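Geometric and topological summary
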Amino acid sequence: RNAALLARASLGRNEPDASRTQAAGATPRAALASRRMDLRKLLPEAIPGPAALLYSLVPGNFGRPAQRRLAELAAQALPDSARVVLDVGCGPGWLAIELARRRPELRVVAVDLSATMVRIARFNARGMSNLEVRNENAAELSAPDASIDWVVSAESMHHWRNPVAVLDEFHR
């Protein structure tokens, strides 16, 4: 709510009037888009403590069937030569857990920026020897170059401050 209020406040004041914008050759829509605030800069990149716990209990559990289906599709699509799969923005870990169960020969590494989410994912993944959960920034992964065979991510891109940097990191 605060982010929406800040965005509305930033758009509502000190705007040039439409006639000056159009006179400069820009359409009203283009002028508005150029002044729009990037809300990702206002919102936290990681889900903080209590919110992470709430997320893991409510939407995290409602999303489990979708995570299972995504893991099923990924497990089928992965080549037999794949050895290491990275789950970025793992949240409570359901996608990584399901993928590790379906393909036990894989080493699955799950990362999340939220320390609370990492603790929750580690708890959910307890006893799984082929799954490692780390507290890392997706834009600055600790994995060596060319050490990850596949990357999966579900429902996390909207939390990334710099999606291009994260995608560049995947390619590395």
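Notes on the structure follow. Please read these numbers as outputs of a predicted model, since none were measured by experiment.

**A look at the overall build of the protein chain**
When you go through the protein chain residue by residue, the secondary structure sums to nine helices and four strands. Mapped from its N terminus to its C terminus, the protein chain presents α and β elements in the order α-α-α-α-α-α-β-α-β-α-β-β-α. Here the protein chain holds 172 residues, and 38% of them are scored as buried. In the structure as shown, the protein chain presents an accessible area of about 10,300 Å², 56% of it carried by carbon and sulfur atoms.

**Focus: the pattern of salt bridges**
Under the counting rule described, the total for this entry stands at nine salt bridges. Among the salt bridges present, the one from Arg68 reaches Glu98, with a minimum N-O distance of 3.7 Å. Of this pair, Arg68 sits in helix H6 (residues 64-77) while Glu98 sits in helix H7 (residues 94-102), and the two are 30 residues apart along the sequence. Judged by relative accessible area, which is 34%, Arg68 ranks as partly exposed. In this structure, the salt-bridge partner of Glu136 is Arg134, at a minimum N-O distance of 3.4 Å. Here Glu136 matches Arg134 in class, with each residue buried. Members of the salt-bridge network, linked through shared partners, are Arg68, Glu98, Arg101 and Arg102.

**Notes on the sheet that holds strand E3 (residues 131-135)**
One open sheet holds the four strands; their spatial order is E3-E2-E1-E4, and the pairing between them is parallel. Each edge of the open sheet carries a strand with a single partner, namely E3 and strand E4 (150-152). Between one strand axis and the next, the sheet turns by 20° as a mean value, whatever way the strands run. The sheet contact formed by strand E1 (residues 84-88) and E4 spans three bridges and is parallel. Bridge pairing links Leu86 to Val151 in E4. Against the sheet, helix H8 (residues 115-124) engages strand E2 (107-112) and E3, with an angle of about 165° to E3.

**Side note on the nonpolar core**
Core analysis: the biggest nonpolar cluster contains 24 residues, and Leu99, Leu131 and Val133 have the highest contact counts within it. Counting residues per element, the ones that place at least two in this core are H6, H7, E2, H8 and E3. Counting residues per element, this core draws most heavily on H7, which supplies six residues. Not counting residues up to four positions away in its chain, the partners in contact with Val133 are Cys90, Ala110, Val118, Ala121 and Arg122. Counting residues in each nonpolar core, the second largest holds eight residues, with Val84, Val88, Ala138 and Val166 among its members.

**Quick look at unusual backbone geometry**
Positive phi, close to 55°, is recorded for Ala146, a residue that is not glycine. Residue class for Ala146 comes out exposed when judged on its relative accessible area of 70%.

**Thoughts on the packing of aromatic side chains**
Evaluated as defined, the whole model comprises zero aromatic pairs. Over the ring of Phe123 we find Arg126, and its NZ or CZ is 3.9 Å from the ring centre.

**What about H7?**
Taking burial as the measure, the nine residues of H7 include seven buried ones, the bulk of the element. Among all positions in H7, only Trp94, Leu95, Ala96, Ile97, Glu98, Leu99 and Ala100 are buried.

Analysis parameters
- Residues numbered from 1 in each chain as written.
- Predicted model: local features only at pLDDT ≥ 70, side-chain atom pairs only at ≥ 80, totals over all residues.
- Heavy atoms only, no water.
- Helix = DSSP H or I, 4+ residues; strand = E, 2+ residues; numbered from the N terminus.
- Buried < 20%, exposed > 50% of the residue type's maximum accessible area, 1.4 Å probe, protein only.
- Areas by Shrake-Rupley, 256 points an atom, 1.4 Å probe, with all protein chains shown as cover.
- Salt bridge = Lys/Arg side-chain N within 4 Å of Asp/Glu carboxyl O.
- Pairing = 2+ DSSP bridges.
- Axes fitted to C-alpha atoms, helices over the stretch in contact; angles between N-to-C directions.
- Contact = heavy atoms within 4.5 Å.
- Core = buried A, V, L, I, M, F, W, Y, C linked by side-chain atoms within 4.5 Å.
- Phe/Tyr/Trp six-rings, centres within 6.5 Å; stacked < 30°, edge-to-face > 60°.
- Lys NZ or Arg CZ within 6 Å of the ring centre and 35° of its normal.

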